[in-house]
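If you want the building blocks of each chain, they are given just below.
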Amino acid sequence: MKTAYLNGFGNEHESEALPGALPRGRFSPQRPAYGLYAEQFSTTAFTVPRATNRRTWFYRIRPSVLQGGYRPIPHDRLKTAPLAGRNPPPDPLRWDPLEIPDKPADFIDGLVTLAANGDCAGHTGIGVHVYLANRSMADRHFCNADGELLLVPQLGELILHTECGVLEAGPGAIAVLPRGMKFRVELAAKQARGYLCENYGAPFELPERGPVGANGYANDRDFEYPAAAFEDRKGSFELITKFAGNLFATELDHSPLDVVAWTGNSAPYRYDLARFNVIGSVSFDHPDPSINTVLTSPSPAPGTANADFVIFPPRWTVAENTFRPPWYHRNVMSEFMGLVRGVYDGKAEGFLPGGASLHNSMTPHGPDTATFEAASRAQLKPRYLEDTLAFMFESSRVIEPTPFALTTQARQTDYADCWRDLKKRFSGPAK
């Protein structure tokens, strides 16, 4: 599939699938071209400051009010914060990759929640899910009113048909869908698996670069937005909406992806993680992982994130007289990690592509015994870490695992054993 894209993070983009569909001079004309309806899509409050205000004008064949009569539908493994029970353990946790089911499952059917924090009704915190799919969503569509969605594919490419157009994202890329955006997921291969951060809080934005200056990290120009591509189809369509933690379904007699033109800055986008400009030490010591932040959802406390999306991509490691893998540490922030491909440099084994780990606030963690021993003896020549891509959803709140996550057979109950063979190395004062 050949898809056109618009570049530039958070820009006021405009796109029309038919010439003249976008009005000039006003957003809501008395009679839009082609008999379209004007509809505003706001993902921030109207009065949010201009720099962070997000809204888009749609010019569509039918307005979204032509939906309703919702019925609740069950989904046992999809959960939303606040979680019931609220009794998270302080243990380090790790999971093997979840298996893609044998029975037919599309993107919605295959959602499994591993953890969450905050309160979706209060617009704080995140939900952490995996998706396990083996079929496309044909005439089925999804709308998440609870939060913005950040997708991290690990297996198989996704083709995302959205109100604004079509996005393609496979392993090594991410896609972000605004809160309330309608979409369906088509699989490019027979199976797909990946990670999903449901952001209840402030929309993701690019972090400040600080003393790094004008360049480095993720560049605005590398984020891609879809060009308008509407569907004018009649038939039997299902729209599933996630609202206040529950799923509801309604029937439509037309495709909800009927936006002929749009203009604004609240739209889905994708980003190729290979374009991230990694910053690292060229002298000594191991920099904090915050230098690898791609996107951040800020919290009211300056310098503290509701959620950060951090990556560990292929890169050079060159620090002198330094233990190069991630050091042992305890962090007030909580860290959920996933692995897209390869091996993470902090673990010799056990952390698998498609798997995950969770180290909550002040839970000690770091390299396993084999990694520590190897790194302590390694010749400190420049080394390129290749064929690797790990990431982290980091949050200032405790990330609470779900009952499923704590009891699934995919949980590695012996995870802490990877540090058990660390020996006492203290030699005492010289005599």
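Rules and cut-offs
In this convention, every chain numbers its residues from 1, walking through the sequence in written order. Since the coordinates come from a predicted model, pLDDT governs what is reported: local features require at least 70, and pairs of side-chain atoms require 80 or more to be given and counted, while whole-chain, interface and lining totals use all residues. Heavy atoms from the whole structure form the basis of all side-chain values; hydrogens and water molecules are not counted. The way it works is that DSSP assigns letters per residue, a run of H or I at least four long becomes a helix, a run of E at least two long becomes a strand, and they are numbered from the N terminus. We call two residues in contact whenever any of their non-hydrogen atoms come within 4.5 Å of each other. Per-residue accessibility takes into account occlusion by the displayed protein chains alone, with areas from the Shrake-Rupley method and a 1.4 Å probe. His residues and chain termini do not enter the charge count, which takes Lys and Arg as positive and Asp and Glu as negative. Note that the charge is assigned to NZ on lysines, CZ on arginines, CG on aspartates and CD on glutamates. We treat two strands as partners when DSSP finds at least two bridges between them. As a rule, the C-alpha atoms of each element are fitted with a line to give its axis, helices using only the stretch in contact, and angles between N-to-C directions run from 0 to 180 degrees. We count a salt bridge whenever a side-chain nitrogen from Lys or Arg sits within 4 Å of a carboxyl oxygen from Asp or Glu. Each residue is placed in one exposure class: buried if its accessible area under a 1.4 Å probe, protein chains only, is under 20% of its type's maximum, exposed if it is over 50%, and partly exposed if it falls in between. Within this analysis, the arc is defined by the directions that extend from the helix axis to the C-beta atoms. In summary, the pairing rule links any two rings of Phe, Tyr or Trp, Trp by its six-membered ring, whose centres are within 6.5 Å, and it sorts them by plane angle into stacked for under 30 degrees, edge-to-face for over 60 and tilted for everything else. In our convention, an over-ring charge means Lys NZ or Arg CZ found within 6 Å of a ring centre and within 35 degrees of that ring's normal. Polar contact is defined as a pair of N or O atoms within 3.5 Å, subject to the rule that within protein one atom must be able to donate a hydrogen and the other to accept it, and that residues adjacent in sequence are counted only when both atoms are side-chain atoms.

Before we go on, may I ask you to explain the overall build of the chain in this structure?
On a plain count of helices and strands, the chain comes out with two helices and 28 strands. Taking the principal axes of its C-alpha atoms as reference, the chain extends roughly 90 × 45 × 40 Å. Expressed as a percentage of contacts within the chain between residues at least 6 apart in sequence, the contacts between residues at least 24 apart total 78%. Of the accessible surface of the chain, which amounts to about 19900 Å², a share of 53% is contributed by carbon and sulfur atoms. Of the charged side chains in the chain, 44 are positive and 48 negative, and the gap between their average positions amounts to 1 Å.

I tried to follow the sheet that holds strand β2 (residues 13–16) on my own but got confused; where do I start?
The four strands are arranged β2-β19-β4-β3 in an open sheet whose pairing can be described as antiparallel. Looking at which strands have only one partner, the edges of the open sheet turn out to be β2 and β3 (37–42). The mean inter-strand angle of the sheet, taken between neighbouring strand axes irrespective of direction, is 20 degrees. Of the strand pairs in this sheet, β2 and strand β19 (residues 259–264) are connected by four bridges, and their pairing is antiparallel. Residue E16 lies in a different strand from β19, and its bridge partner there is A261.

Before we go on, may I ask you to explain the pattern of salt bridges in this structure?
Pairs may arise between side chains of opposite charge once their charged atoms sit close together. This structure, assessed with the given rule, holds 25 salt bridges. We note a salt bridge from R60 to E163, for which the minimum N-O separation is 2.8 Å. You can see R60 sitting in strand β4 (residues 55–60) and its partner E163 sitting in the loop between β11 (158–162) and β12 (165–169), a full 103 residues away along the chain. For E238, the salt bridge is made with R71, and the minimal N-O distance between the two is 3.2 Å. Linking E238 in strand β17 (residues 234–243) with R71 in strand β5 (residues 71–73), this pair joins segments that are 167 residues apart in sequence. Owing to a relative accessible area of 17%, E238 belongs among the buried residues under this scheme. Overall, R71 belongs to the partly exposed group, its relative accessible area being 36%. Taken together, the shared-partner salt bridges in this structure form one network comprising R71, D106, D109, R135, R140, E238 and E251.

What exactly am I supposed to notice about the pairing of strand β14 (residues 182–187) here?
Along any regular strand the residues' side chains alternate between the sheet's two faces. Most of β14 is tucked away, with five of its six residues classed as buried. With two bridges joining them, strand β9 (residues 140–144) and β14 adopt antiparallel strand pairing. Of the residues in β14, the one forming a bridge with F142 is F183.

Explain the sheet that holds strand β21 (residues 293–298) to me, please; I cannot follow it from the model alone.
Working definition: the strands of a sheet are paired by backbone hydrogen bonds and lie parallel or antiparallel to each other. Taken together, six strands build an open sheet; the order of strands is β6-β25-β24-β27-β22-β21 and the sheet is antiparallel. In this open sheet, the two edge strands, each paired with only one partner strand, are β6 (93–95) and β21. Shown here is a sheet whose adjacent strand axes are inclined to one another by a mean of 15 degrees, direction ignored.

What am I meant to see in helix α1 (residues 369–377) here?
Because an α-helix completes one turn every 3.6 residues, residues spaced three or four positions apart along the sequence face the same direction. Within the span of α1, buried status applies to T369, T371, F372 and A375. Mapping the buried residues of α1 onto a view down its axis gives an arc of 160 degrees, with all of them on the same face.

Even after reading the chapter, I still don't get unusual backbone geometry, so can you show me in this structure?
Excluding glycine, a negative phi dihedral is what most residues carry, and trans is how most peptide bonds are arranged. Here the residue pair A81 and P82 is connected by a cis peptide bond, since its omega of 0 degrees sits within 30 degrees of zero. Topologically, P82 is positioned in the loop between β5 and β6. Look at H123: it is not a glycine, yet its phi comes out positive at around 55 degrees. Relative to the assigned elements, H123 resides in the loop between β7 (111–116) and β8 (126–133). Judged by its relative accessible area of 48%, H123 is partly exposed. Of note, the phi angle at A244 is positive, near 55 degrees, even though the residue is not glycine. The topology assignment puts A244 in the loop between β17 and β18 (246–254).

So what exactly am I meant to see when it comes to the environment of D288 here?
Residue placement: D288 occurs in the loop between β20 (269–272) and β21. Residue D288 is classed as partly exposed on the basis of its relative accessible area, which comes to 44%. For D288 and W327, which are 39 residues apart along the polypeptide, the C-alpha to C-alpha distance reads 9.6 Å.

Teacher, can you tell me more about the packing of aromatic side chains here?
We describe a pair of aromatic rings using the distance from one ring centre to the other and the angle between the two ring planes. Per the counting criterion, the structure on display carries 22 aromatic pairs. Note on F309 and F393: the rings are 6.0 Å apart at their centroids and 40 degrees apart in plane angle, and the pair reads as tilted. Here F309, found in strand β22 (residues 305–312), pairs with F393, found in strand β27 (residues 388–395); they are 84 residues apart in sequence, far enough to count as distant. Comparing F309 with F393 shows no difference in burial state: the two are buried. An aromatic cluster is present here, built from F9, F223, Y225, Y269 and Y271 joined pairwise through their rings. The side chain of R55 reaches across the aromatic face of F27, ending 4.9 Å from its centre.

Just to check I follow, could you spell out the side chain of T296 for this structure?
Among the secondary structure elements, T296 is positioned in strand β21. Overall, the relative accessible area of 11% leaves T296 in the buried class. Only 2.5 Å separates the side chain of T296 from the side chain of D308, close enough to count as a polar contact.

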